[in-house]
2 protein chains.
Amino acid sequence: MSFSFDDYISISIHKTDLAFTQYVKNKLAAFNIAPEQNLIIMLLLKNDGLTQIELAEKLNKDKTNIARMVYNLEQKGFIKRSPDVNDRRSLKVFLTDKGKELSNIVIPIAEEFNHVVTKGITDEELENLKVLLNKMRENLRS
Amino acid sequence: MSFSFDDYISISIHKTDLAFTQYVKNKLAAFNIAPEQNLIIMLLLKNDGLTQIELAEKLNKDKTNIARMVYNLEQKGFIKRSPDVNDRRSLKVFLTDKGKELSNIVIPIAEEFNHVVTKGITDEELENLKVLLNKMRENLRS
DNA sequence: GCAAAATAGTTGCTATAGCAACAAAATATG
DNA sequence: CATATTTTGTTGCTATAGCAACTATTTTGC
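Description of the structure in this document.

The rules behind each value
Numbering of residues begins from 1 in every chain and follows the order in which that chain's sequence is written. Chains carry letters and ligands carry numbers; both start at the beginning, A for chains and 1 for ligands, and go up in the order they are written. pLDDT decides what is reported in this predicted model: residues at 70 or higher carry local features, side-chain atom pairs at 80 or more are listed and counted, and totals for whole chains, interfaces and linings draw on all residues regardless. No hydrogens and no water enter the side-chain calculation; it runs on all heavy atoms of the structure. Being near a molecule or strand, for a residue, comes down to having at least one heavy atom within 4 Å of it. Think of a polar contact as two N or O atoms within 3.5 Å of one another; within protein, one of them needs to be a possible hydrogen donor and the other a possible acceptor, and neighboring residues in sequence only count if both atoms come from side chains. Runs of H or I in DSSP of at least four residues are treated as helices and runs of E of at least two as strands, each being numbered from the N terminus. For this classification, Asp, Glu, Lys and Arg are treated as charged, while Ala, Val, Leu, Ile, Met, Phe, Trp, Tyr, Cys and Pro are nonpolar and the rest, including Gly, are polar. Any two strands with at least two DSSP bridges between them are considered paired. Pairs of residues are marked as contacts when any of their non-hydrogen atoms sit within 4.5 Å. Each axis is a line fitted through C-alpha atoms, taken for helices only over the stretch in contact, and angles between the N-to-C directions span 0 to 180 degrees. One speaks of a salt bridge when a side-chain nitrogen belonging to Lys or Arg is within 4 Å of a carboxyl oxygen belonging to Asp or Glu. Burial classes follow relative accessibility: with a 1.4 Å probe on protein chains only, a residue under 20% of its type's maximum area counts as buried, one over 50% as exposed, and anything between as partly exposed. We define the nonpolar core as a collection of buried residues of types Ala, Val, Leu, Ile, Met, Phe, Trp, Tyr and Cys that are connected through side-chain atoms lying within 4.5 Å of one another.

1. What about the protein's contact with DNA strand C?
Then step 1. Taken together, 29 residues sit near DNA strand C, with Ile53, Lys63 and Leu91 of chain A together with Gln37 and Lys61 of chain B positioned nearest.
Then step 2. Within the side chain of glutamate 36 of chain B, a nitrogen or oxygen atom sits 3.0 Å from a phosphate oxygen of DNA strand C.
Then step 3. Lysine 61 of chain B has a polar side-chain atom sitting 2.2 Å from a phosphate oxygen of DNA strand C.
Then step 4. Elements with a contribution of two residues or more to the surface near DNA strand C: α1 (9–28), α3 (52–59) and α4 (63–75) of chain A together with α2 (35–46) and α4 (63–75) of chain B.

2. Notes on the protein's contact with DNA strand D
Then step 1. Around DNA strand D sit 29 residues, and of these Glu36, Gln37 and Lys61 of chain A together with Lys63 and Leu91 of chain B come closest.
Then step 2. Atoms of DNA strand D within 4 Å of the protein belong to the sugar or the phosphate in 63% of instances, the rest to bases.
Then step 3. One of the side-chain nitrogen or oxygen atoms of glutamate 36 of chain A is found 3.0 Å away from a phosphate oxygen of DNA strand D.
Then step 4. Histidine 14 of chain B places a side-chain nitrogen or oxygen 3.3 Å from a phosphate oxygen of DNA strand D.
Then step 5. Looking at the surface near DNA strand D, the elements with two or more residues in it are α2 (35–46) and α4 of chain A together with α1 (9–28), α3 (52–59) and α4 of chain B.
Then step 6. Grouping the constituent residues of the surface near DNA strand D by class yields six nonpolar, 10 polar and 13 charged.

3. As for the sheet that holds strand β2 (residues 79–83) of chain A
Residues and elements named next belong to chain A.
Then step 1. On the basis of which strands lie adjacent, the open sheet formed by three strands has the order β1-β3-β2 and antiparallel pairing. Every other strand in the sheet has two partners, leaving β1 (50–51) and β2 as the edge strands with one partner each.
Then step 2. As paired strands, β1 and strand β3 (residues 91–95) are joined by two bridges and run antiparallel to one another. Bridge pairing in β3 links threonine 51 to lysine 92.
Then step 3. Contacts from α2 reach β1, β2 and β3, with the element oriented near 90° to β3.
Then step 4. Across the face of the sheet, α4 comes into contact with β2 and β3 while running at roughly 120° to β2.

4. Focus: the pattern of salt bridges
Then step 1. Evaluated as defined, the whole model comprises eight salt bridges over all chains.
Then step 2. Across the pair glutamate 74 of chain A and arginine 81 of chain A runs a salt bridge, and its minimum N-O distance is 3.1 Å.
Then step 3. Glutamate 36 of chain B is paired through a salt bridge with lysine 61 of chain B; the nearest N and O atoms lie 2.9 Å apart. Separated by 25 residues along the polypeptide, glutamate 36 of chain B in helix α2 and lysine 61 of chain B in the loop between α3 and α4 bring together distant segments of the chain. Like lysine 61 of chain B, glutamate 36 of chain B is buried.

5. As for the nonpolar core
Considering soluble globular proteins, one finds that nonpolar side chains tend to be buried as a cluster.
Then step 1. Counting 88 residues, the largest nonpolar core has Leu55, Val106 and Met136 of chain A together with Leu55, Val106 and Met136 of chain B as its most contacted members.
Then step 2. Ignoring anything within four residues of it in the chain, the contact list for methionine 136 of chain B reads Phe20, Val117, Ile121 and Leu129 of chain A together with Ile9 and Ile13 of chain B.

Okay, structure coming up:
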């Protein structure tokens, strides 16, 4: 067999992403927030009242997933959805008071996670890494 | 809000992994193979007769997922499971003839995918990238 | 201004992904 | 060698992840 499985950069990236998700999942479990739900919370902390489509675009995800994650967050009482008065197709997503309180939890966890992950890696290396990742995503678009 | 969402390297890696998976999924769809099922096929092409636990270790995944993916591959007729004669707890996973024929499909697709992804990126950059990804995974272990 | 096309969201489907609890078998330990 | 522990695989649960088809709106084009 001429190929070497572990040489594929995609495999390396996939395994890294899995490890990241698992780590964050464990950190957030005590607060009843799943990793992707957490990303939505963080987006809303920066920009409350986004529509589901806007959330989907910012997370590069299918709107179907967003709808289900947002529904779960609503069940948990962290967010509230209300129809856009100017466009009744759209649902605007707002943090509840309970959701806003998560700020004190999720941002420190995200910062600490990022700090742990990037230990021993220079800012320049991180910048190069982001450029390469962007380039690879671009390569798939064309 | 002091954090900047897109600055997290984990987000960049996650989005890249999603893009990769989606691309491969589309390439493989015509052959009735899902992306992760494809990884199992490729591992078996290199090393037929691995047990489910061995597959799980090589893919850094929970054995639960492997069991279900292998079950699906068996339903599709690509693999066959038989108990290990020396250890009746273990199931050894073998490619069927139909599974072996996939070699002509999945390896070219993997090579072509890798070629497209790494366009405009030097071997040295790829090597540095792998080192950084490994370092980040290691950072989470300690 | 009305039909056609586009957009936002939902439902149903399949495929990952991991944890807890379990059964069956193998290994370790006294 | 009998019991305790470990190992392999399964089942049930929850949470992503995306596609196709659908409804309800809004926008476009004529």
